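# Understanding the architecture of this molecule
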Amino acid sequence: MFVAKINVTLKESVLDPQGQTVLRTLHDQGKGQVQDLRVGKYIELKLNVSSLKEAESIAKEICESVLVNQVIETYKLVVESQ
Amino acid sequence: MKVRVVTFPGSNCDKDVGSVLHDYFQADVNYTWYKESFDDVPDLVVLPGGFSFGDYLRCGAMAKFSASMESVVKYANKGGKVLGVCNGFQILTESGLLPGALLHNRTLKYICKDVELVPVKENGFSKHFQGNLSIPIAHGEGAYFADAETLERLEKNGQVVFRYQENPNGSLHDIAGICNEKGNVLGMMPHPERAMNPFTGKMDGKLILEALLKN
């Protein structure tokens, strides 16, 4: 069994109003040290395949066809054996 | 006139748009469940507003994998007329029938109000309109986004159909609606079907549907 851990965030070039709102709240609370904040989503897939290479390939295909809209989003994928 | 209105789980404007097409255009309306595929060639296919598949993951993202959308893509590629309103516009961008994407409104607020639409002169639809149109919007994720190159292409090809007089949601280039290069696929965030009842004093939505059918 393998686990694909996927972080999806808006591209740097896309304004993230959710992140900006949370950032503003942190600044209002005196946490001026926080320079920037982006809100994204975390997706975990459990894959019943025989090799790490196969798990990575399937996870990448799923990310690019379904989980991520590459017009506006980018992603980081890590696959681990479990 | 034959019309297919595709209904997804979570669509909630399917009957609205279907009933006005029936009442004002005498259309023979077929409500097509998302699991149904079709190979006939109606005069118009409408992807209605709502929250297809609960808007989970991204608005419109799940809808593109349905059997009916496979038929819609084939139909559109053959030149068939498609109108996507609100969630339907989001489905059209997710399916690749229209470029770009719809983001959360810049204010993060759900906006429900009448807006003034400016038909874009360089577009083929504009010859059907005189002056601005007043149409309601109701959405949380209606800010049109595309990269600079795509925006330039849209402007150059005259694919921007409507702009907001006063941008309510942070859409780039004040875009409220766009069409594909051939002009047979129109996506827009405002709801023309909600401005088609003389008792509410608004009929501008009828002009938009007429323009799409005549264009």
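These figures come from a predicted structure and were not determined experimentally.

## Things to note about the layout of surface pockets
- For the largest pocket, the calculated volume is near 480 Å³.
- Lys41 and Glu73 of chain A together with Leu57, His104 and Glu141 of chain B are, among the 27 residues lining the largest pocket, the residues nearest its centre.
- Looking at the lining of the largest pocket, the elements with two or more residues in it are strand E1 (2-10), helix H1 (17-28) and strand E2 (40-47) of chain A together with helix H3 (87-95) and strand E5 (101-103) of chain B.
- For the lining of the largest pocket, a count of residues per class yields 13 nonpolar, seven polar and seven charged.
- Reported here for the second largest pocket is a volume of approximately 210 Å³.
- What lines the second largest pocket is a set of 18 residues, among which Phe51, Tyr110, Ala138, His139 and Gly140 of chain B lie closest to the centre.
- Elements that contribute at least two residues to the lining of the second largest pocket include exactly H3 and strand E7 (133-139) of chain B.
- Of the residues that constitute the lining of the second largest pocket, the class distribution is six nonpolar, eight polar and four charged.

## Remarks on the UniProt feature "active site" (unreviewed entry) in chain B
Residue and element names in this part refer to chain B.
- Using the residue numbers shown here, the UniProt feature "active site" (unreviewed entry) corresponds to Cys86, His191 and Glu193. Annotated residues spanning 108 residues; largest pairwise C-alpha distance 11.2 Å, indicating a single compact cluster. Of the annotated set, the members that line the second largest pocket are Cys86 and His191.
- Summarising the element assignment, His191 is placed in the loop between strand E11 (185-188) and helix H5 (204-214).
- His191 has contacts with Cys13, Gly49, Val85, Cys86, Ile135, Pro136 and Ala138, leaving out every residue within four places of it along the chain.
- By the secondary structure assignment, Glu193 is in the loop between E11 and H5.
- Judged by its relative accessible area of 6%, Glu193 falls in the buried class.
- Excluding residues within four positions of it along the chain, Glu193 makes contact with Cys13, Asp16, Val17, Val20 and Val85.
- Within the structure, the side chain of Glu193 is placed 2.8 Å from the side chain of His191, a separation counted as a polar contact.

What counts, and where the lines are drawn
- Residues numbered from 1 in each chain as written.
- Chains lettered and ligands numbered in written order.
- Predicted model: local features only at pLDDT ≥ 70, side-chain atom pairs only at ≥ 80, totals over all residues.
- Heavy atoms only, no water.
- 1 Å grid on protein atoms, 1.4 Å probe; cavity = no way out; pocket = protein on both sides within 12 Å on 5 of 7 lines; lining within 4 Å.
- Points joined across faces, edges and corners; volume = space filled by probe spheres on them.
- Helix = DSSP H or I, 4+ residues; strand = E, 2+ residues; numbered from the N terminus.
- Nonpolar A, V, L, I, M, F, W, Y, C, P; charged D, E, K, R; others polar.
- UniProt positions renumbered as here; feature names shortened; annotations may be inferred.
- Contact = heavy atoms within 4.5 Å.
- Buried < 20%, exposed > 50% of the residue type's maximum accessible area, 1.4 Å probe, protein only.
- Polar contact = N/O pair within 3.5 Å; in protein donor to acceptor, adjacent residues only side chain to side chain.

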